Every structure is written in structure tokens, then in C-alpha cells.
Amino acid sequence: MYYSLSDLFWLFLLGLGGWYFWAGMAAKEQVRRAATDHCRQLGVQLLDDTVALARTRLKRDGRGQVRLQRSYEFEFTSTGEHRYSGIAVLHGRRITQIQLSAHHLA
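Residues numbered from 1 in each chain as written. Predicted model: local features only at pLDDT ≥ 70, side-chain atom pairs only at ≥ 80, totals over all residues. Heavy atoms only, no water.

### Some points on helix α1 (residues 5–42)
Right, so step 1: Taking 1.5 Å as the rise per residue, α1 with 38 residues should run 56 Å; its terminal C-alpha atoms sit 55 Å apart, in good agreement.
Right, so step 2: When α1 is considered as a whole, its buried residues turn out to be Gly24, Ala27, Val31, Arg32, Ala34, Ala35, Thr36 and Cys39.
Right, so step 3: Tucked into the core, α1 has its buried residues touching β1 (45–46), β3 (66–77), β4 (84–91) and β5 (94–100).
Right, so step 4: A positive phi of about 80° marks Gly43, the residue just after α1. (Helix = DSSP H or I, 4+ residues; strand = E, 2+ residues; numbered from the N terminus. Expected span 1.5 Å × (residues − 1). Buried < 20%, exposed > 50% of the residue type's maximum accessible area, 1.4 Å probe, protein only. Contact = heavy atoms within 4.5 Å.)

Structure, rendered in C-alpha cells:
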């Protein structure tokens, strides 16, 4: 059985889409765990136990290699009354930033 060039292109595109989805799920789980730990260390609670992808782009790392940079948003509370937002940035496989907005202390 022979495959045409267009068949191979569509198979490659399907494989690339599957890889992107699978890698995205693993990245989201990594960021969720890091955000949970970070919130726990600061004495606040991650709400809904989830993070949401806000932005994906290509960016060079410190060694000049182009890697995917994913930015995630999440919400947390310090007093149980108000919701505050936070941001976590994953560059390649490394979390480079977790930032919480200004919030009241309990």
C-alpha cells in the first residue's frame, strides 16, 4: 500500500495536534501542582483546584533555544470572602514565574 504526499502531510498534522494536546495536558497538571504548592506556602487557598491556559507563544530561553511559553491564570482566596487572580508561566518544561495579585491577609 502506498501513501501520497498529501496523506503523509495529514497524518503528520494529526500527530502534531495529538502531541500538542497531550503535552498541554501534562503542562497544565504541572502548573496546577506548582500553583497549589505556592498557595499553600503563602497561606492562601487555590480556588476550584484548577488553572486555565491564557496564552501560548514561542519564546527563546536563556540558551537561545526556541521553546513554548504557556501562561496560565488561576484564582485564590486568602480570607474565604474574595477571589483574587494569579498567573503562572511555564517556559518549556520549567516554571519561570508564579505571581499572585495583591490580597488581604487573613
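Back to the write-up after that little detour.
### Here's the deal with the pattern of salt bridges
Right, so step 1: Inspection of every chain in the model, using the stated rule, returns seven salt bridges.
Right, so step 2: Between Glu29 and Arg32 there is a salt bridge, and its shortest N-O distance comes to 2.6 Å. Of this pair, Glu29 and Arg32 both sit in helix α1, three residues apart, which is roughly one turn of the helix.
Right, so step 3: Classification of Glu29 as partly exposed rests on a relative accessible area of 31%. (Salt bridge = Lys/Arg side-chain N within 4 Å of Asp/Glu carboxyl O.)

### So, unusual backbone geometry
Right, so step 1: The phi dihedral of Asp48 is positive, around 65°, even though this residue is not glycine.
Right, so step 2: On the secondary structure map, Asp48 appears in the loop between β1 and β2 (52–60).
Right, so step 3: Asp48 gets classed as exposed once you look at its relative accessible area, which sits at 55%.
Right, so step 4: Within the chain, Asp49 stands out as a residue other than glycine whose phi angle is a positive 50°.
Right, so step 5: Residue position: Asp49 is located in the loop between β1 and β2.
Right, so step 6: With a relative accessible area of 43%, Asp49 lands in the partly exposed category.

### Details of the packing of aromatic side chains
Right, so step 1: Scanning all chains against the criterion turns up two aromatic pairs.
Right, so step 2: With 5.3 Å between their ring centres and 70° between their planes, Phe9 and Trp10 make a pair best called edge-to-face.
Right, so step 3: Using a relative accessible area of 55% as the deciding quantity, one classes Trp10 as exposed.
Right, so step 4: With a centroid separation of 5.7 Å and an interplanar angle of 35°, the aromatic rings of Phe76 and Tyr84 are classed as tilted. Across the pair, exposure class does not vary: Phe76 and Tyr84 are buried alike. (Phe/Tyr/Trp six-rings, centres within 6.5 Å; stacked < 30°, edge-to-face > 60°.)

So, to be careful, I would describe these as geometric facts and stop short of saying anything about function.
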